[in-house]
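Analysis of the macromolecular model
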Amino acid sequence: SGELAKAWGSDKGIFFDIARNVTLYRGIKNFTPLTDEQKATVAAMPAAYREMLTAANDELLAQLEANKKKTGYTINQVDANVSNEDLFTSIISKFKGKVLLVDFWATWCGPCRMANKTIAPMKEELKDKDILYLYITGETSPLKTWENMIPDIHGEHFRLTDAQWKYLSDAFKIEGVPTYLIVDREGNTTFRQTGFPGVEKMKEELLKVTK
């Protein structure tokens, strides 16, 4: 926004405030609280912006505090010595004998986040079935954002390196996120879908393999 300020001939103009406000607001909405430096910037902003950003930031901090008490999600480490070829096998071997719904997703992906909310009631409905929900993301999901976002996403979580993500994307021909796989008890992939498939279809496929 330095360029923008130069173009407007001032860094005090209304356009500069709006641009800065949008950037800070977007950060908060991506689960990143304001830094002390950003708070100082906000304190000097016109009242309307200041109140909006402060309220959004306070809400996020309260949510992060509440996250500390949440359960139902697990952060898993990938075995450091595993080769790319064995990566997926190594990930799913922890959960042998269960039906898996694998979700390749990213924190910055709006449709992924919407889908997580939409799928939540289905997960509740199928909780007596032996289904495990496995969430895989890569380094494009910033670590802090990811850690702050997943307490509301019940299941097993993995965050891969860029190289691991690329390998799996190629191996499973993942063209975009979200991409879903259903893996049966024997470890065979029985269903794959890129983009949100609709809950009924997903439920039908899961029930087929949990019989």
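Scroll up to find the structure.
Right, let's walk through the structure included here.

Moving on, we get to the overall build of the protein chain. Within the protein chain one finds nine helices and six strands. If one aligns the C-alpha atoms of the protein chain with their principal axes, the spans along those axes are about 65 × 35 × 30 Å. Here the protein chain holds 211 residues, and the buried ones make up 40% of them. Counting contacts in the protein chain only where the partners sit at least 6 residues apart, residues at least 24 apart contribute 64% of the total. Total accessible area on the protein chain is roughly 11800 Å²; 55% of this is exposed by carbon and sulfur atoms.

Turning to the state of the cysteines, a few remarks are in order. Counted according to the given criterion, the structure contains one disulfide. Covalently, Cys109 is tied to Cys112 through a disulfide, its sulfur atoms 2.3 Å apart. Taking the sign of the torsion about the S-S bond as the criterion, the disulfide between Cys109 and Cys112, at about 85 degrees, is right-handed. Owing to a relative accessible area of 4%, Cys109 belongs among the buried residues under this scheme.

One can describe the packing of helix H3 (residues 36-43) onto helix H4 (residues 47-67) by two numbers: an axis separation of 9 Å at closest approach and a directional angle of 150 degrees. Between H3 and H4 lies a crossing whose hand is left-handed. Residue-level inspection shows Lys39, Val42 and Ala43 of H3 in contact with H4, the latter providing Arg50, Leu53, Thr54 and Asn57. For the contact of H3 with H4, the residue count by class is three nonpolar, two polar and two charged.

Here the focus is the sheet that holds strand S1 (residues 73-76). Pairing is mixed in the open sheet, where six strands are placed in the order S1-S4-S3-S2-S5-S6. For this open sheet the edge positions go to S1 and strand S6 (189-194), each flanked by a neighbour on one side alone. Adjacent strand axes in the sheet meet at a mean angle of 20 degrees when their direction is disregarded. Sheet topology places strand S2 (residues 99-104) next to strand S5 (residues 179-183); five bridges connect them, and they run antiparallel.

Among the structural elements, Asn67 can be located in helix H4. A relative accessible area of 5% means that Asn67 is categorised as buried. Those residues in contact with Asn67 that lie beyond four places of it in its chain are Tyr73, Asn148 and Pro151.

In terms of nonpolar packing, the biggest core is built from 35 residues, with Leu101, Trp105, Met122, Tyr133, Ile182, Met202 and Leu206 touching the most fellow members. Secondary structure elements with two or more residues in this core: helix H2 (14-29), H4, S2, helix H6 (110-125), strand S3 (131-137), helix H7 (143-149), S5 and helix H9 (199-210). The dominant element in this core, judged by the number of residues it contributes, is H4, at five residues. When sequence neighbours within four positions are dropped, the list of residues in contact with Ile182 reads Val99, Leu100, Leu101, Asn188, Thr189, Thr190, Phe191, Met202, Glu205, Leu206 and Val209. If you look at the next biggest cluster of nonpolar residues, it comprises 20 residues, including Val78, Ile92, Phe104 and Leu181.

Quick look at helix H5 (residues 84-93) now. Buried within H5 are the following residues: Leu87, Phe88, Ile91 and Ile92. For H5, the buried positions fall inside an angular range of 105 degrees around the axis, keeping them on one side. Residues of H5 that are exposed and angled more than 90 degrees away from the buried face: Glu85 and Thr89. For H5, the elements touching its buried residues are S2, S3, strand S4 (155-159), helix H8 (162-171) and S5.

Most of S2 is tucked away, with six of its six residues classed as buried. The side-chain alternation of S2 yields two buried faces, one formed by Val99, Leu101 and Asp103 and the other by Leu100, Val102 and Phe104. Pairing of S2 with S3, which is carried by six bridges, proceeds in the parallel orientation. Opposite Asp103, over in S3, you have Tyr135 as the bridge partner. Handedness of the β-α-β unit built from S2, H6 and S3 comes out right-handed.

The rules behind each value
- Each chain has its residues counted from 1, following the order in which its sequence is written.
- With pLDDT at 70 or above as the cut-off, local features in this predicted model cover only qualifying residues; side-chain atom pairs require 80 or more to be listed or tallied, and sums for whole chains, interfaces and linings still use all residues.
- Remark: hydrogens and water are excluded; side-chain values derive from all non-hydrogen atoms of the structure.
- In this text, helices come from DSSP runs of H or I with a minimum length of four residues, and strands from runs of E with a minimum of two, each type numbered from the N-terminal end.
- For each residue, the accessible area found with a 1.4 Å probe, counting protein chains only, is set against the maximum for its type, and the residue is called buried under 20%, exposed over 50%, and partly exposed in between.
- It only takes one pair of heavy atoms within 4.5 Å for two residues to be counted as in contact.
- Residue-level accessible areas treat just the shown protein chains as cover; the underlying method is Shrake-Rupley with a 1.4 Å probe.
- Here, the term disulfide refers to a pair of cysteine sulfur atoms separated by no more than 2.5 Å.
- Where helices are involved, their axes are fitted lines through C-alpha atoms of the stretch in contact, as for all axes, and angles between N-to-C directions lie from 0 to 180°.
- What makes a crossing left-handed is the near helix being turned counterclockwise from the far one by less than a right angle; a clockwise turn instead makes it right-handed.
- For this classification, the nonpolar set comprises Ala, Val, Leu, Ile, Met, Phe, Trp, Tyr, Cys and Pro, the charged set comprises Asp, Glu, Lys and Arg, and every other residue, Gly included, is treated as polar.
- Strand pairing requires that DSSP identify at least two bridges connecting the strands.
- We define the nonpolar core as a collection of buried residues of types Ala, Val, Leu, Ile, Met, Phe, Trp, Tyr and Cys that are connected through side-chain atoms lying within 4.5 Å of one another.
- This arc is built from the directions going out from the helix axis to the C-beta atoms.
- Every crossover in which the path from the first strand over the helix to the second runs clockwise, viewed with the strands pointing away from the viewer, is termed right-handed.

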